[in-house]
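Report on the structure
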Amino acid sequence: MPEAPRNLFSSMNQEEIDAWRQQPLSDGRLWVGGQWRAAEGGRCLPASSPIDGSTLCQIAAASAADVDAAVRAARAAFERGSWSRMAPAERKKVLHRIAERIEAQQLELAVLGVRDNGTEIAMALRAEPGSAAATFRYYAECVDKLMGEIAPTPEGTLGLVHKAPVGVVGAIVPWNFPLMIGAWKIAPALAAGNSVVLKPSEDASLSLLRLAQLCQEAGLPEGVLNVVTGTGAETGDALARHMDVDVLTFTGSGPVGRQLLKASAESNLKRVYLELGGKSPNIVFDDAPDLALAAKVSAMAIFRNSGQVCVAGSRLLVQRVVHDAFVEQLSQIAASLRVGDPLDLRTEMGAVSSARQLARNQAMLACALEEGAHLRTGGQVIAPVPGGHYMAPAVLEGVRPEMAIAREEVFGPVLAVTPFDDEAEAVRLANGTDYGLAAGVWTGSLSRAHRMVRAIKAGVVHVNTYGGPDITVPLGGVRQSGNGHDKSMHALDKYLDLKTAWIQL
Ligand code: NAD
């Protein structure tokens, strides 16, 4: 996860967290054209907390007409030029002020998000407001460095390549790390001069609605950022099919990604960028410099946020000579993790995001056992907070590459362990799924590390660590983990068009 600004940790005070968790929440509305408005017909959905199963508030359920109003507001703002034609130096100041507003409200935002999705608070602070603020700052600094090109044309002609904003960007994001992933979409899209219509997950909308308000307080002109809440099947689909959305940027599951490509094909052929799931291999060689550290980091690579991390190292491949000792060490760490109330600073693993996700975790676990895997530790549903959704971190041994648990994403705290004999077998196993999002390699050999980075089909390969890449480097999948990239200067390409001026001199 991204590095947190230093001052964040001073905010980790249990009393303040407990005060914010009591904050009453008003029923949700849509954020359209810089104003709150109810959804058509006043329709709502409950926002429930995975911490204890309680209903936090209602969120507005946007219809296709509501989505159309948001896209119209975004288009009108774009054409007005209040943002798209604002001087880059001025736009940059607004994005910096958004980062400042996020930092000023970091604890409020983090606690609000945790009440909605159950991420452990210490991690939420770093990965949500901490990373969102860093993302806005990074793209603020890009605004006045986006250069066009002069092409090497023959004498008598001039070829200029302009980088132009695409217009209206539709962004659909998941329930895990909504602020971080929302910022990965919104900040570069705004930096490039676009207007945005954001559709959060119906399971985690609250912190993004609050972010929209902070953006306006920071000086973002009205209509430039709009937030429509509701279900994927209705609100998300209406955004994906809208004829006046120029680019759709998505993070979520593969099946929904496929539907978005279809929606684009059946509407206006908008560009669609997909950041999808993974079944990422974490490979431990017998020459790893520090096996104890590798065990600790590998445990958190799968169990942080209850395994609900797109790049989670969910397949552990261990060289046979160290397999038994390593799995023993890792299983002890898993069994000792403190699972509980995610708003308690002592908690190491919080809640599973929903009853639906908990049922999926259990079903995948049962299927693995039926197919012959052996449960080393954990896996049982537990109830540290009555009414909430929790399970003990599970380690499965003896997983064979053809089992569903080795091929399909669980998105839960379930680790599948498979032994291997040599480097060639490790590469074969690592690349043996349809995905290609992330990987880890633990080795003391520099040459082997480089060979593995080249051989593994993934968007990011961690070496002697797992997680932590900051905003300066791209994140994107290959194969069925998606296309395009969030983060880094490369993300800007998604939100810009190249326009040529060919001039006879
Ligand atoms: P999801 O695909 O179910 O939902 C994601 C978003 O799509 C939500 O806002 C949802 O309402 C919307 N949606 C659902 N159906 C839709 C439809 N028919 N049309 C338009 N929108 C629709 O995913 P999720 O359960 O929220 O998140 C978990 C998934 O996200 C996992 O697969 C995980 O790996 C992936 N993920 C990937 C990354 C990455 O960077 N690659 C990061 C985080 C999560």
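What comes next is a walk through the structure. Nothing here was measured: the structure is a model prediction, and the numbers come from that model.

Moving on to the site of the ligand. Around the ligand sit 28 residues in total, of which Lys199, Glu202, Ser253, Leu276 and Glu409 are the nearest. Here an oxygen atom of the ligand sits 2.8 Å away from a polar atom, N or O, in the main chain of Val173. Measuring from an oxygen atom of the ligand, one finds a side-chain N or O atom of Lys199 at 2.7 Å. Alone, the ligand offers 850 Å² of accessible surface; in the complex the protein occludes 91% of this. With respect to the detected pockets, the ligand is housed in the largest pocket. At the level of secondary structure, the elements contributing two or more residues to the shell around the ligand comprise helix H8 (232-240), strand S10 (247-251) and helix H9 (254-265). Each residue belonging to the shell around the ligand can be placed in one class, and the counts come to 14 nonpolar, nine polar and five charged.

For the rest of this paragraph, the subject is the state of the cysteines. Tallying each qualifying case throughout the model produces zero disulfides. Here Cys44 stays free of any disulfide, with the sulfur of Cys57 as its closest cysteine sulfur at 9.1 Å.

Looking now at the pairing of strand S12 (residues 281-284). Across the two faces of S12 the burial is the same, with Pro281 and Ile283 and Asn282 and Val284 all buried. Here four bridges tie S12 to strand S13 (residues 315-319), and the two strands are oriented parallel to one another. Looking at S13, one finds that Asn282 is bridged to Leu316. Crossover S12 to S13 through helix H10 (residues 291-303) is right-handed. Here three bridges tie S12 to strand S19 (residues 438-442), and the two strands are oriented parallel to one another. Bridge assignment links Ile283 to a residue of S19, and that residue is Val441.

As a further point, take empty space enclosed by the protein. Applying the stated criterion across every chain, the model contains five cavities of 30 Å³ or more. What the second largest cavity holds in volume is close to 80 Å³. Among the residues forming the lining of the second largest cavity, the class breakdown is seven nonpolar, four polar and two charged.

Definitions and limits used
- Residues numbered from 1 in each chain as written.
- Predicted model: local features only at pLDDT ≥ 70, side-chain atom pairs only at ≥ 80, totals over all residues.
- Heavy atoms only, no water.
- Near = heavy atom within 4 Å.
- Polar contact = N/O pair within 3.5 Å; in protein donor to acceptor, adjacent residues only side chain to side chain.
- Areas by Shrake-Rupley, 256 points an atom, 1.4 Å probe, with all protein chains shown as cover.
- 1 Å grid on protein atoms, 1.4 Å probe; cavity = no way out; pocket = protein on both sides within 12 Å on 5 of 7 lines; lining within 4 Å.
- Sits in = over half its atoms within 2 Å of the grid points.
- Helix = DSSP H or I, 4+ residues; strand = E, 2+ residues; numbered from the N terminus.
- Nonpolar A, V, L, I, M, F, W, Y, C, P; charged D, E, K, R; others polar.
- Disulfide = S-S within 2.5 Å.
- Buried < 20%, exposed > 50% of the residue type's maximum accessible area, 1.4 Å probe, protein only.
- Pairing = 2+ DSSP bridges.
- Right-handed = clockwise from strand over helix to strand, strands pointing away.
- Points joined across faces, edges and corners; volume = space filled by probe spheres on them.

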